[in-house]
Amino acid sequence: MFDYILGLPMHALVIHAVVVLVPLSGLLAIGYVARPDWRRVLRWPTAAGALVSGVTAFVAAESGEALQRRVSQVRASTTDFELLTRHTTWGDRAKLLCLVFMVLTLVALWFVRPPEEESPRGHAFDVLIGTLVVLAAVAAITTVVIAGHAGSQVVWDGLA
């Protein structure tokens, strides 16, 4: 299911969405929780970005596992499996942290309101969930960058 799109490896296509959307969504989420005046404008773009980030990170990890199985069979002699293992380890971390980021951001969007609306849980909860969103955004961005770098090393090792 997560192997090919129109004859191309799905992983190679989906990772570009992850590499672009996770940092962008992370910045939107940080802006949402840090700047109350921006909340009304950022609510829907942040929700869409968080949802797409979580879904694409999951699809990237699953399609990466399918690609790894294929590479292990077809290109075993030309693949550096140490680099591949590092990439898959960071990719699994990125998937998990992107899903955590997605959930925390959606919770924040539900409970942390713009200044003109009353927050249903109170200021202390808003600060707590805002802090968790910022930490999750930074963690998701960081792991995506590290996993992406490790993946590019697998592909380009010895070719550059």
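This text goes with the structure placed above it.
Residues numbered from 1 in each chain as written. Predicted model: local features only at pLDDT ≥ 70, side-chain atom pairs only at ≥ 80, totals over all residues. Heavy atoms only, no water.

Trainee: Looking at this structure, I do not really get a nonpolar patch on the surface. What am I missing?
Mentor: A contiguous nonpolar surface patch, about 410 Å² in accessible area, is contributed by I5, L6, L8 and L13. Mapped onto the elements, L8 comes out in strand β2 (residues 8-9). (Patch = residues over 30% accessible without salt bridge, like charges linked within 9 Å, V, L, I, M, F, W, Y side chains within 5 Å. Areas by Shrake-Rupley, 256 points an atom, 1.4 Å probe, with all protein chains shown as cover. Salt bridge = Lys/Arg side-chain N within 4 Å of Asp/Glu carboxyl O. Helix = DSSP H or I, 4+ residues; strand = E, 2+ residues; numbered from the N terminus.)

Trainee: Would you mind going over the pattern of salt bridges with me for this structure?
Mentor: Note that side chains of opposite charge can pair when their charged atoms are close. Taken as a whole and assessed by the stated rule, the structure comprises two salt bridges. Here E116 and R40 are joined by a salt bridge, their closest N and O atoms 2.6 Å apart. Remark: R40 occurs in helix α2 (residues 39-74) and E116 occurs in the loop between α3 (81-111) and α4 (123-156); sequence separation between them is 76 residues. A residue is classified by how much of its surface remains accessible, and E116, at 53% relative accessible area, is exposed. Exposure remark for R40: the relative accessible area of 48% places this residue in the partly exposed category. As a salt-bridge pair, E62 and K95 come within 3.4 Å of each other at their nearest N and O atoms. Taken together, the positions of E62 in helix α2 and K95 in helix α3 put the pair 33 residues apart, joining distant regions of the chain. As far as burial versus exposure is concerned, E62 and K95 are alike and both buried. (Buried < 20%, exposed > 50% of the residue type's maximum accessible area, 1.4 Å probe, protein only.)

Trainee: Mind showing me how you'd approach the environment of Q153 here?
Mentor: For Q153, the location among the structural elements is in helix α4. On the basis of relative accessibility, which here comes to 28%, the residue Q153 falls in the partly exposed class. C-alpha separation for the pair Q153 and Q73, spaced 80 residues apart in sequence, amounts to 20 Å. Apart from the residues lying within four places of it in its own chain, the contact partners of Q153 are L83 and R86. Within the structure, Q153 has its side chain in polar contact with the side chain of R86 (distance 2.8 Å). (Contact = heavy atoms within 4.5 Å. Polar contact = N/O pair within 3.5 Å; in protein donor to acceptor, adjacent residues only side chain to side chain.)

Trainee: Explain the packing of aromatic side chains here, please?
Mentor: Any pair of aromatic rings gets described here by the distance separating the centres and the angle formed by the planes. For the structure on display, the rule yields one aromatic pair. Plain terms: the ring middles of F111 and F125 are 5.5 Å apart, the flat faces sit at 80° to each other, and that makes the pair edge-to-face. On the criterion of sequence distance, the pair formed by F111 in helix α3 and F125 in helix α4 is long-range, its members being 14 residues apart. On the accessibility criterion, F125 (26% relative accessible area) is partly exposed. Between the NZ or CZ atom of R39 and the centre of the ring of Y32, over which it lies, the distance is 5.7 Å. When the ring centre of W110 is taken as reference, the NZ or CZ atom of R113 above it lies at 6.0 Å. (Phe/Tyr/Trp six-rings, centres within 6.5 Å; stacked < 30°, edge-to-face > 60°. Lys NZ or Arg CZ within 6 Å of the ring centre and 35° of its normal.)

All we've got here are geometric facts, nothing functional implied.
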